[in-house]
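So the chains spell out like this:
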Amino acid sequence: MRLVAEALKNFFKKPFTEKYPKAKPVVPEGLRGKLQHFKDRCIYCGLCAKYCPSAAITVDPKNKVWIHDLGKCLFCAQCEEVCHEIAKKDAIKMTPEFELAETKKEKFITKHSKPEKIKNQEEP
Ligand code: SF4
Ligand code: SF4
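First, a word on scope: everything that follows refers to the structure included in this document. Not measured: the values here are computed from a predicted model.

What about the site of ligand 2?
Moving on, step 1. Contacts to ligand 2 come from 14 residues, most closely from Cys 52, Cys 73, Leu 74, Cys 76 and Cys 79.
Moving on, step 2. Residues of the shell around ligand 2, tallied by class, amount to 11 nonpolar, three polar and no charged.

Below, the structure is given as structure tokens:
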């Protein structure tokens, strides 16, 4: 009898589970999801790559190329911190984007490079 009463009580309660993905969950403040790289702010110094514990970032300072492999990322935000604290550029920002599933590995790669200079254009 106690079991039936308990079952009936729970039947009318709001469920604890969420109807994801139909209903989008409210993520906690400060959630570290996919990082965003602002190539217009980046100076391609390579500090983020140096401090990344999983070698998810590669920077070629000479050719001004920045590459991030989301498949290797630990979402630790060390790159964001070092870019802010040491490079003083704020070129990396962790976003709360957490729906990151992809069917192909290549889709995890973000590659940014500084636009090529127009040929024959003189440096100021
Ligand atoms: S630390 Fe910042 S400025 Fe330097 S390469 Fe990384 S993103 Fe660019
Ligand atoms: S969040 Fe951490 S693991 Fe991911 S790229 Fe930045 S430093 Fe590397």
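Topic: the site of ligand 1
Moving on, step 1. Near ligand 1 lie 15 residues; those nearest to it are Cys 42, Cys 45, Cys 48, Cys 83 and Ala 91.
Moving on, step 2. Residues belonging to the shell around ligand 1 are distributed by class as follows: 13 nonpolar, one polar and one charged.

Points about the sheet that holds strand E5 (residues 109-113)
Moving on, step 1. Within the open sheet, the three strands sit side by side as E2-E3-E5. Their pairing is antiparallel. Each of the sheet's edge strands pairs with one partner strand only, and the pair in question is strand E2 (57-60) and E5. Taking each pair of neighbouring strands and ignoring which way they run, the sheet shows an average axis angle of 10°.
Moving on, step 2. Across four bridges, the pairing between E2 and strand E3 (residues 65-69) is antiparallel. Residue Ile 57 lies in a different strand from E3, and its bridge partner there is His 68.

Brief notes about the pairing of E3
Moving on, step 1. Here E3 shows one buried face, formed by Trp 66 and His 68, and one open face, formed by Val 65, Ile 67 and Asp 69.
Moving on, step 2. Here E2 hands over to E3 after four residues, with Lys 64 in that stretch at a positive phi of 55°.

Some points on unusual backbone geometry
The general pattern is negative phi for most residues beyond glycine and trans for most peptide bonds.
Moving on, step 1. Here the amide bond leading from Tyr 20 into Pro 21 is cis, since omega sits at 10°, within 30 degrees of zero.
Moving on, step 2. You can see Pro 21 is positioned in the loop between helix H1 (2-11) and strand E1 (35-37).
Moving on, step 3. Phi at Lys 64 is positive, roughly 55°, even though this residue is not glycine.
Moving on, step 4. Its location among the elements puts Lys 64 in the loop between E2 and E3.

About the cut-offs
- Residues numbered from 1 in each chain as written.
- Chains lettered and ligands numbered in written order.
- Predicted model: local features only at pLDDT ≥ 70, side-chain atom pairs only at ≥ 80, totals over all residues.
- Near = placed C-beta within 6 Å.
- Nonpolar A, V, L, I, M, F, W, Y, C, P; charged D, E, K, R; others polar.
- Pairing = 2+ DSSP bridges.
- Helix = DSSP H or I, 4+ residues; strand = E, 2+ residues; numbered from the N terminus.
- Axes fitted to C-alpha atoms, helices over the stretch in contact; angles between N-to-C directions.
- Buried ≥ 20, exposed ≤ 12 C-beta atoms within 10 Å, placed from the backbone.

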